[in-house]
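# Overview (structure and organization)
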Amino acid sequence: MPASDLDLLTEAARAAGEIARRFFRGSPGIWHKPGGAGPVTEADLEVNRMLHAELGAARPGYGWLSEETPDDHARLGTERTFIVDPIDGTRAFIEGDTSFAHSLAVAEGGRISAGVVYLPMKDMLYAATEAGPATLNGTPIRASVRTGAEGATLLTAKPNLSPEHWREGAPPPFRQKFRASLAWRLCLVAEGRYDAMLTLRPSWEWDIAAGDLIARQAGATVTDRTGRPLRFNAADPRTAGVIAAPDPLWTALRGALKD
């Protein structure tokens, strides 16, 4: 099952990339979601329509959870559910930044069994199943082996480093970096290009589902901000933030955070 699902997700992600390329830097229509939920573009919606149609036709018994589709809690009664972000990093996409991604995953029993994160403008496809290694364009990848925070790189937004979040009034001495796509941040940890990532805000499942599996299969520890393993296809599809890092760095981050 996981291998065939991975093939399906890979094909769908590449098709999503073809749509995104047509709109990229082409002044797509942009709307702003209510409640400050951020922008959405023509590209997001067209990718979502294609994915919903193609994945649904291939796996009619699977549930569906996507950023750009009204949530149908019928997914809670399915054995497996697609969890999809048509474009993760929509603001980057609008600004002409190539670091946006498509994030596609299958959840089964609260865990991710197959996941793909594809950056079409960079032609970088990260993938994993629970039964195999994490890969980038077919080549296995591994998380960092760094054991100390001194000099390590942490992918995070600056508000996460504010003193009120940390027991000692400051985080461990990581070097802070940032990338717009949360899915890609998890994959960059999986690839070992950066040592750790952290977000303290509630995180939508579609942003992190595929990246969670890819990072874990690459050897990283991935939890919410409280240290609990991530669970997916929940009635409220949000997690209490995300920490992803090799185990020694995960321990340093989690231990330094306030409860």
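The paragraphs below set out a description of the structure included in this document. (Residues numbered from 1 in each chain as written. Predicted model: local features only at pLDDT ≥ 70, side-chain atom pairs only at ≥ 80, totals over all residues. Heavy atoms only, no water.)

### Considering the packing of aromatic side chains
Throughout the structure, instances matching the rule amount to six aromatic pairs. Their ring planes at 45 degrees and their centres at 5.5 Å tell us that Phe24 and Phe100 sit as a pair that is tilted. Here Phe24 is found in the loop between α1 (2-23) and β1 (30-32), whereas its partner Phe100 is found in the loop between α3 (90-94) and β5 (101-108), with 76 residues between them in sequence. For the pair formed by Phe24 and Phe100, the shared burial category is buried. (Phe/Tyr/Trp six-rings, centres within 6.5 Å; stacked < 30°, edge-to-face > 60°. Helix = DSSP H or I, 4+ residues; strand = E, 2+ residues; numbered from the N terminus. Buried < 20%, exposed > 50% of the residue type's maximum accessible area, 1.4 Å probe, protein only.)

### Quick notes on the environment of Glu95
Following the sequence through the fold, Glu95 ends up in the loop between α3 and β5. Judged by its relative accessible area of 66%, Glu95 falls in the exposed class. Between the C-alpha atom of Glu95 and that of Arg25, which follows or precedes it by 70 residues, the distance is 7.9 Å.

### Side note on the pattern of salt bridges
Counted according to the given criterion, the structure contains 14 salt bridges. Linking Arg22 and Glu46 is a salt bridge whose minimum nitrogen-to-oxygen distance equals 2.6 Å. Here Arg22, found in helix α1, pairs with Glu46, found in helix α2 (residues 42-58); they are 24 residues apart in sequence, far enough to count as distant. When its relative accessible area of 56% is taken as the criterion, Arg22 is described as exposed. With a shortest N-O distance of 2.8 Å, Arg111 and Glu130 are connected by a salt bridge. Here the residue Arg111 occupies a position in strand β6 (residues 111-119), and Glu130 occupies one in the loop between β7 (124-129) and β8 (135-136), the gap between them amounting to 19 residues. (Salt bridge = Lys/Arg side-chain N within 4 Å of Asp/Glu carboxyl O.)

### Quick word on the side chain of Thr239
Checked against the element boundaries, Thr239 lands in strand β15 (residues 238-239). Sequence-distant contacts of Thr239, that is, excluding residues within four places in its chain, are made with Arg201, Pro202, Ser203, Ile208, Leu230 and Arg231. (Contact = heavy atoms within 4.5 Å.)

### What about helix α4 (residues 182-191)?
Among the ten residues of α4, nine are classified as buried, and the element is accordingly described as predominantly covered. Listed as buried for α4 are Leu182, Ala183, Trp184, Arg185, Leu186, Cys187, Leu188, Val189 and Ala190. Structurally, the start of α4 carries an N-cap: the backbone nitrogen of Ala183 is 3.4 Å from a side-chain oxygen of Ser181. The positive-phi residue at the C-terminal boundary of α4 is Gly192, with phi of around 80 degrees. (Polar contact = N/O pair within 3.5 Å; in protein donor to acceptor, adjacent residues only side chain to side chain.)

### Structural notes on the side chain of His102
Along the chain, His102 falls in strand β5. In terms of polar contacts, His102 uses its side chain to reach the backbone carbonyl oxygen of Pro86, at 2.6 Å. Setting aside residues up to four positions removed in sequence, His102 forms contacts with Ala13, Ala16, Gly17, Ala20, Val47, Asp85, Pro86, Ile87, Val116, Val117, Tyr118 and Pro120.

### Description of the sheet that holds strand β11 (residues 175-177)
Sheet architecture is open: five strands sit in the order β11-β10-β12-β16-β14, paired in mixed fashion. Edge positions in the open sheet fall to β11 and β14 (221-223), since each of these has one partner strand only. Across the sheet, the axes of successive neighbouring strands diverge by a mean angle of 20 degrees, strand direction being ignored. Judged from the three bridges that link them, strand β10 (residues 153-155) and β11 form a sheet pairing that is parallel. Counterpart to Leu154 in the pairing with β11 is Gln176. With respect to the sheet, helix α6 (residues 247-256) is in contact with β10, β12 (196-199), β14 and β16 (242-245), its orientation differing from that of β16 by roughly 145 degrees. (Pairing = 2+ DSSP bridges. Axes fitted to C-alpha atoms, helices over the stretch in contact; angles between N-to-C directions.)

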